[in-house]
Amino acid sequence: MMDFTAIDFETATDRRNSACSVAVVEVRDGEVARTYSTLIRPPGLQFSSFNISIHGITPEMVRHERDFAGVWPELRPFLEDRIVIAHNAPFDMGVLKSSLLANRIEPPKFYHCCTVQISRKAWPELPNHKLDTVGGFLHVDFRHHDALEDARACAAIPLAAAERLGADSMETLAQTLRVALKPFDCTPKYPRRFDRPRP
């Protein structure tokens with residue numbers, strides 16, 4: 001069955017732990033089962049003008065919202081023991097990892113897959129494989145850089161690819177296209193000073 005969760009983050013700055021919005025779309029048996037989206041108050045309420053120009057989220061909009069730790073109990077069930085997809089997954093997995101580490105939260109266990117890679121293999125004839133390009137090709141009408149709309153567009157990609165190729169699950173689709181399903185890794189890049197072994 002085509003079961004997975006599509007996720008999209010928007011960030012307030014170029015720092016990976018600065019999530020200011022997140023959305024997930026849960027697909028079960030090829031159909032959207034439920035969605036979740038929320039604004040997030042980033043650390044220090046810091047925003048860059050460039051990021052604001054991309055997604056339109058401002059400090060005033062999130063000033064009274066919960067921080068990442070506050071929304072995590074609602075977000076986690078969408079990810080735990082699921083296949084999680086994202087368009088340019090290294091970015092979204094990096095935001096998730098940085099946010100979990102910054103808040104010292106126990107990470108969930110799941111596998112993830114990148115819909116950029118799926119679309120490149122499924123439709124190599126496209127001029128590029130940006131989300132708006134692929135969404136337009138699939139006739140998905142959405143507002144780019146709105147987290148929920150992006151997550152919906154992302155979810156449409158493996159569903160369309162699976163229909164084209166006759167794949168009946170994300171595992172089969174990934175195997176057919178030779179796209180990796182990777183376990184989520186939340187290992188710190190550098191250990192905290194007090195975690196380092198003594199000489």
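Structure: above.
On a predicted model such as this, the values are computed, not experimentally measured, just so you know.

Explanation requested: helix 7 (residues 147-165) in the structure shown.
Every α-helical turn comprises 3.6 residues, leaving residues that sit three or four positions apart pointing alike. With 19 residues, helix 7 extends 28 Å between its outermost C-alpha atoms, agreeing within 8% with the 27 Å of an ideal straight helix rising 1.5 Å per residue. By the burial criterion, the buried members of helix 7 are Ala147, Asp150, Ala151, Ala153, Cys154, Ala155, Ala156, Ile157, Pro158, Ala161 and Ala162. Those residues of helix 7 hidden inside the fold are in contact with strand 1 (4-11), strand 2 (19-28), strand 4 (83-86), helix 5 (115-122), helix 6 (131-137) and helix 8 (170-177). Of the residues flanking the start of helix 7, the one acting as N-cap is Asp146, its side-chain oxygen 3.2 Å from the backbone nitrogen of Leu148.

Teacher, can you tell me more about the side chain of His87 here?
Summarising the element assignment, His87 is placed in the loop between strand 4 and helix 4 (89-102). You can call His87 buried: its relative accessible area is 15%. A distance of 2.7 Å separates a polar atom in the side chain of His87 from a polar atom in the side chain of Thr115. When sequence neighbours within four positions are dropped, the list of residues in contact with His87 reads Asp92, Thr115, Val116, Ser119, His129, Lys130, Leu131, Cys154 and Ile157.

How should the pattern of salt bridges be read in this particular structure?
When the charged atoms of two side chains with opposite charge come close together, those side chains can pair. Counted according to the given criterion, the structure contains 7 salt bridges. A salt bridge links Arg34 to Glu26, with the shortest nitrogen-to-oxygen separation between them at 3.2 Å. In this structure Arg34 comes out as partly exposed when scored by relative accessible area, which is 37%. Assessed through its relative accessible area of 3%, Glu26 is described here as buried. With its nearest N and O atoms 3.0 Å apart, the salt bridge here joins Asp146 to Arg143. Relative accessible area serves as the criterion here: at 24%, Asp146 is assigned to the partly exposed category.

Explanation requested: the state of the cysteines in the structure shown.
Two cysteines, two sulfur atoms, one covalent bond between them: this is a disulfide. Counting across every chain of the model gives 0 disulfides. Free of any disulfide, Cys114 has its nearest cysteine sulfur in Cys113, 7.1 Å distant. Between Cys186, a cysteine without a disulfide, and Cys114, which holds the nearest cysteine sulfur, the sulfur-to-sulfur distance is 19 Å.

Explain the side chain of Glu10 to me, please; I cannot follow it from the model alone.
With respect to the helices, strands and loops of the structure, Glu10 is situated in strand 1. One buried charged residue, Glu10, remains without a salt bridge, the closest side chain of opposite sign being Arg143 at 9.9 Å. In contact with Glu10, other than residues within four places in its own chain, are Ser18, Ala19, Cys20, Ser21, His55, Ile57, His145, Asp146, Ala147 and Asp150.

Even after reading the chapter, I still don't get the pairing of strand 1, so can you show me in this structure?
Most of strand 1 is tucked away, with 8 of its 8 residues classed as buried. Side chains of strand 1 alternate between two faces, with Phe4, Ala6, Asp8 and Glu10 and Thr5, Ile7, Phe9 and Thr11 buried alike. By the bridge criterion, 8 bridges tie strand 1 to strand 2 in an arrangement that is antiparallel. Within strand 2, the residue paired with Phe9 across the bridge is Val22. Strand direction decides the pairing type here: strand 1 and strand 4, joined by 2 bridges, are parallel.

What should I look at first to understand the packing of aromatic side chains in this one?
For any pair of aromatic rings, geometry is given as the distance between the ring centres together with the angle between the planes. If you walk through the whole model with that rule in mind, you get 4 aromatic pairs. Relative to Trp72, the ring of Phe68 lies with its centre 5.6 Å away and its plane at 25°, an arrangement referred to as stacked. With a gap of 4 residues between them, Phe68 and Trp72 both fall in helix 3 (residues 68-75), about one helical turn apart. For the pair Phe68 and Trp72, a shared accessibility class is recorded, and that class is buried. Relative to Phe184, the ring of Phe110 has its centre 4.7 Å away and its plane inclined at 10°; by these criteria the two rings are stacked. Of this pair, Phe110 sits in the loop between helix 4 and strand 5 (111-114) while Phe184 is found in the segment after strand 6 (182-183), placing the two residues 74 residues apart along the sequence. Phe110 sits in the buried class, given a relative accessible area of 4%. Residue classification places Phe184 among the buried positions, given a relative accessible area of 12%.

Rules and cut-offs
- Residues numbered from 1 in each chain as written.
- Predicted model: local features only at pLDDT ≥ 70, side-chain atom pairs only at ≥ 80, totals over all residues.
- Heavy atoms only, no water.
- Helix = DSSP H or I, 4+ residues; strand = E, 2+ residues; numbered from the N terminus.
- Expected span 1.5 Å × (residues − 1).
- Buried < 20%, exposed > 50% of the residue type's maximum accessible area, 1.4 Å probe, protein only.
- Contact = heavy atoms within 4.5 Å.
- Polar contact = N/O pair within 3.5 Å; in protein donor to acceptor, adjacent residues only side chain to side chain.
- Salt bridge = Lys/Arg side-chain N within 4 Å of Asp/Glu carboxyl O.
- Disulfide = S-S within 2.5 Å.
- Lys, Arg positive; Asp, Glu negative; His and termini not counted.
- Pairing = 2+ DSSP bridges.
- Phe/Tyr/Trp six-rings, centres within 6.5 Å; stacked < 30°, edge-to-face > 60°.

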